[in-house]
Amino acid sequence: VSKPSDLRIKPVSLIPRSFSLDNFIGLLSPSSPTGASFLLGFTNSVIQATGTTLVTLLIALPASYAFARVNFRGSTLVLSVITATLAIPVYLVLIPLFQLGAATAQLNTQQFVILVLVSASLPLAIWILRSHIASLPQDIEAAARLDGANTFVLIRCIIGPLIAPGLVAAAIVVFLGAWGAFLIPLVYAGTQGAQPLTVVIPTYATQFASNYGLKAAAGLLAVLPPLLLVVLLRRHLLAGLISGAIK
């Protein structure tokens, strides 16, 4: 990382003339104000992204099974409406959800941000998982029911393992969306105690000055977790998305 004095040198050079780790040390030091805010934002990002992923999958798996296997009146219409909500911009529901959060005293809390993120990611997760469940032969489920398995046991012990690539793909997509969310936590997490990195990092720029080196270092550290997740699970991600699309 270049020293602060090298960031404004002209002409610009892709190869820095000097290196300094002061920005990384400051961000990772709990004793400094910048480090404390960054580490708190990192913790909030992990909590919100992980919580959103877990809650979304817990709801999407049985919901997608119902749409794929249970024949009830209006199922196609309901699924179409849920899928169509993907095209609705979040700006349309910002004020109603803000009023709901204020009325229930849930603003500036982790759980409210997670619930809003879940509502935004749930339609896509249901759409991904339903395509995988619909591709499974129903003879496996019939055999499990003959052995006495109820619906919840069937979903947990039979359907879940069989669509593991789809679950991984849905989990990665939801996690990346929650990790990179900006507008939702910006509106519903106004206090620093619930703000993720996407909201914390822009505060390093003020009206009169901007610490470009600090912002660049923070951005690099913030992108490492989702990057490592995609690199480690890329095979499962591609297998889950491609198999669901083909079948």
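Residues numbered from 1 in each chain as written. Predicted model: local features only at pLDDT ≥ 70, side-chain atom pairs only at ≥ 80, totals over all residues. Heavy atoms only, no water.

Per the secondary structure count, the chain includes 12 helices and 0 strands. In the chain, the succession of α and β elements from N to C terminus is α-α-α-α-α-α-α-α-α-α-α-α. Counted over contacts in the chain with a minimum sequence separation of 6, partners at least 24 positions apart contribute 73%. Split by element, the accessible area of the chain, about 14,100 Å² in all, is 70% carbon and sulfur. (Helix = DSSP H or I, 4+ residues; strand = E, 2+ residues; numbered from the N terminus. Contact = heavy atoms within 4.5 Å. Areas by Shrake-Rupley, 256 points an atom, 1.4 Å probe, with all protein chains shown as cover.)

A separate point is the packing of helix H2 (residues 33-69) against helix H8 (residues 164-179). The relative placement of two packed helices is expressed as an angle between their axes plus a distance between the axes. For the pair H2 and H8, the least separation of the axes is 9 Å and the interaxial angle reads 140°. Of the possible angle classes, the one that applies to H2 and H8 is oblique. Seen from above, H2 lies across H8 with right-handed handedness. Contact residues: Phe 42, Ser 45, Val 46, Gln 48, Ala 49, Thr 50, Thr 52, Thr 53, Thr 56, Leu 57 and Leu 61 in H2; Leu 167, Ala 170, Ala 171, Val 174, Phe 175, Ala 178 and Trp 179 in H8. When grouped by side-chain class, the residues that make up the contact of H2 with H8 number 12 nonpolar, 6 polar and no charged. (Axes fitted to C-alpha atoms, helices over the stretch in contact; angles between N-to-C directions. Parallel < 35°, antiparallel > 145°, perpendicular 65-115°, else oblique. Left-handed = near helix turned anticlockwise from the far one by under 90°. Nonpolar A, V, L, I, M, F, W, Y, C, P; charged D, E, K, R; others polar.)

The next thing to look at is the packing of aromatic side chains. Here the structure, examined in full by the defined rule, presents 5 aromatic pairs. Ring plane angle 80° and centroid distance 5.8 Å describe the contact between Phe 42 and Trp 179, whose orientation is recorded as edge-to-face. Of this pair, Phe 42 sits in helix H2 while Trp 179 sits in helix H8, and the two are 137 residues apart along the sequence. Ring plane angle 45° and centroid distance 6.2 Å describe the contact between Phe 67 and Phe 72, whose orientation is recorded as tilted. In textbook terms, an aromatic cluster arises when at least three aromatic residues are bridged by ring pairs, as seen for Phe 42, Phe 175 and Trp 179. (Phe/Tyr/Trp six-rings, centres within 6.5 Å; stacked < 30°, edge-to-face > 60°.)

Bringing the pattern of salt bridges into the picture now. All told, the structure shown has 1 salt bridge when counted by the stated rule. In this structure, Glu 141 and Arg 69 form a salt bridge, with 2.7 Å as the shortest nitrogen-oxygen distance. One end of the pair, Glu 141, is in helix H6 (residues 138-146); the other, Arg 69, is in helix H2, and 72 residues separate them in sequence. With respect to class, Glu 141 is no different from Arg 69; both count as buried. (Salt bridge = Lys/Arg side-chain N within 4 Å of Asp/Glu carboxyl O. Buried < 20%, exposed > 50% of the residue type's maximum accessible area, 1.4 Å probe, protein only.)

Taken together, the side chains of Leu 220, Val 223, Leu 224, Leu 227, Leu 228, Val 231 and Leu 232 present a nonpolar region at the surface, about 640 Å² in accessible area. Topologically, Leu 220 is positioned in helix H11 (residues 212-232). A relative accessible area of 44% places Leu 220 in the partly exposed class. (Patch = residues over 30% accessible without salt bridge, like charges linked within 9 Å, V, L, I, M, F, W, Y side chains within 5 Å.)

Before going further, it helps to examine the nonpolar core. Counting residues in hydrophobic clusters, the biggest one holds 26 residues, and the most contacted among them are Leu 27, Phe 38, Tyr 188 and Tyr 204. Those elements giving two or more residues to this core turn out to be helix H1 (22-27), H2, helix H5 (110-134), H8, helix H9 (183-188), helix H10 (197-200) and H11. The leading source of residues in this core is H11, at 5 residues. Those residues in contact with Tyr 188 that sit more than four places away from it in its chain are Val 93, Leu 94, Leu 97, Phe 98, Leu 107, Asn 108, Thr 109, Phe 112, Val 113 and Val 116. Grouped together as the second largest cluster of nonpolar side chains are 25 residues, Ala 60, Ala 63, Ala 125 and Ala 144 included. (Core = buried A, V, L, I, M, F, W, Y, C linked by side-chain atoms within 4.5 Å.)

A word on the side chain of Ser 37. Locating Ser 37 in the fold gives a position in helix H2. Accessibility expressed as a relative area gives 11% for Ser 37, which makes it buried. In this structure the side chain of Ser 37 is engaged in a polar contact, spanning 2.8 Å, whose partner is the backbone oxygen of Thr 34. In contact with Ser 37, not counting residues within four places along its chain, are Gln 192, Val 200 and Tyr 204. (Polar contact = N/O pair within 3.5 Å; in protein donor to acceptor, adjacent residues only side chain to side chain.)

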